[in-house]
Amino acid sequence: MAPRIGITCGIDYAAQRIQVNADYVRAVQAAGGIPVLLPPVPGDPAAILAGVDGLLLTGGVDVDPVLFGEEPLRQNGEIQPDRDASEIPLCRLALETGVPVLGICRGHQVLAVAAGGSLYQDLPAQVPECLKHSQQAPRWHPTHALRIERHSRLGAMFGPELRVNSFHHQAVKGVPPGFAETARAPDGVNEAIEHPSHPFAIGVQWHPEAMWDREYNYNALFRALVEAAASVRPRWAPS
Ligand code: MN
């Protein structure tokens, strides 16, 4: 049976809508997974995680800085407390139980914060010399370079260099304990983390889902998540 990949959703509070970009769903499906949408409602993380074989933490609004011990700067953007409250316990449990987890953009930041890391609340304010990380170009167009650690899963997938798209004003500042920083932009800004001994725990700051139907190689991340979910399931599934 194809593995089920739980895909986290955001909220539009004004419109009373729970939503996720269709590209995440298509990318998981194209990689051979069964997409399962997870609404941002706090619940028993064990019960929720029992229904999926892998977890995809998607992009979205800012993480509440209170969750990494800071008060909000003026430049901090919208926060969605329900989303933080549902995603962070899910992510922690996935890390504890060996459930494969891929974090993208906000999801990469959620992974970092859930594991005890911290964020820049606003790159232009806090890292004035940084490159342009909020690109003004089509979502599928890669605008800045990446340097990738050779001896990492990302290095095995993409090699030492890659160009990526960029839609973030926050970034991982403190890499969480147990994780390795495996990609950086040329300005030194963190672009990826991975856990060396977890079956699959990777966060990327760029948006591979926006390129799933354009650059064959970007699908590698989704295929790797689905493959990990397929192989890990028998070990942790409740009988
Ligand atoms: Mn970037």
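Described below are features of the structure shown in this document. Note that the structure is predicted; figures quoted are calculated from it, not measured.

The next thing to look at is helix α4 (residues 106-114). The buried fraction of α4 is high, at 9 of 9 residues. Here α4 has its buried residues at R106, G107, H108, Q109, V110, L111, A112, V113 and A114. Where α4 ends, the next residue or the one after it, G116, has phi of about 100°, a positive value.

Here we come to the coordination of the manganese ion. Donor atoms from the polypeptide that coordinate the manganese ion comprise H133 (ND1), H144 (NE2), S166 (OG), H168 (NE2) and E191 (OE), at 2.2 to 2.3 Å from the metal. Every donor residue of the manganese ion comes from the same chain, spaced as H-x10-H-x21-S-x1-H-x22-E. Residue H133 is found in the loop between α5 (123-126) and β8 (144-148), and its partner S166 is found in the loop between β9 (161-164) and β10 (171-174); the two are separated by 33 residues along the sequence. No difference in accessibility class separates H133 from S166, as the two residues are buried.

A separate point is the pattern of salt bridges. In total, this model carries 8 salt bridges according to the counting rule given. Here R83 makes a salt bridge to E87, at a shortest N to O gap of 2.8 Å. A residue pair is termed a helical-turn pair when its members lie 3 or 4 positions apart in one helix, as R83 and E87 do in helix α3 (residues 81-97) at 4 residues. By the burial criterion, R83 is buried, and E87 matches it. Put simply, E209 and R139 hold a salt bridge, and the shortest N to O gap is 4.0 Å. Taken as a pair, E209 in the loop between β13 (201-204) and α7 (220-236) and R139 in the loop between α5 and β8 lie far apart in primary sequence, 70 residues in all. For E209, a relative accessible area of 1% corresponds to the buried category. By relative accessible area, R139 is classed as partly exposed at 36%. Through salt bridges with shared partners, a single network forms among R83, D84, E87 and R106.

Definitions and limits used
- Residues numbered from 1 in each chain as written.
- Predicted model: local features only at pLDDT ≥ 70, side-chain atom pairs only at ≥ 80, totals over all residues.
- Heavy atoms only, no water.
- Buried < 20%, exposed > 50% of the residue type's maximum accessible area, 1.4 Å probe, protein only.
- Helix = DSSP H or I, 4+ residues; strand = E, 2+ residues; numbered from the N terminus.
- Donors = N, O, S within 2.8 Å, 3.2 Å for Na, K, Ca; no water.
- Salt bridge = Lys/Arg side-chain N within 4 Å of Asp/Glu carboxyl O.

Just geometry here; none of it tells us what the structure is for.
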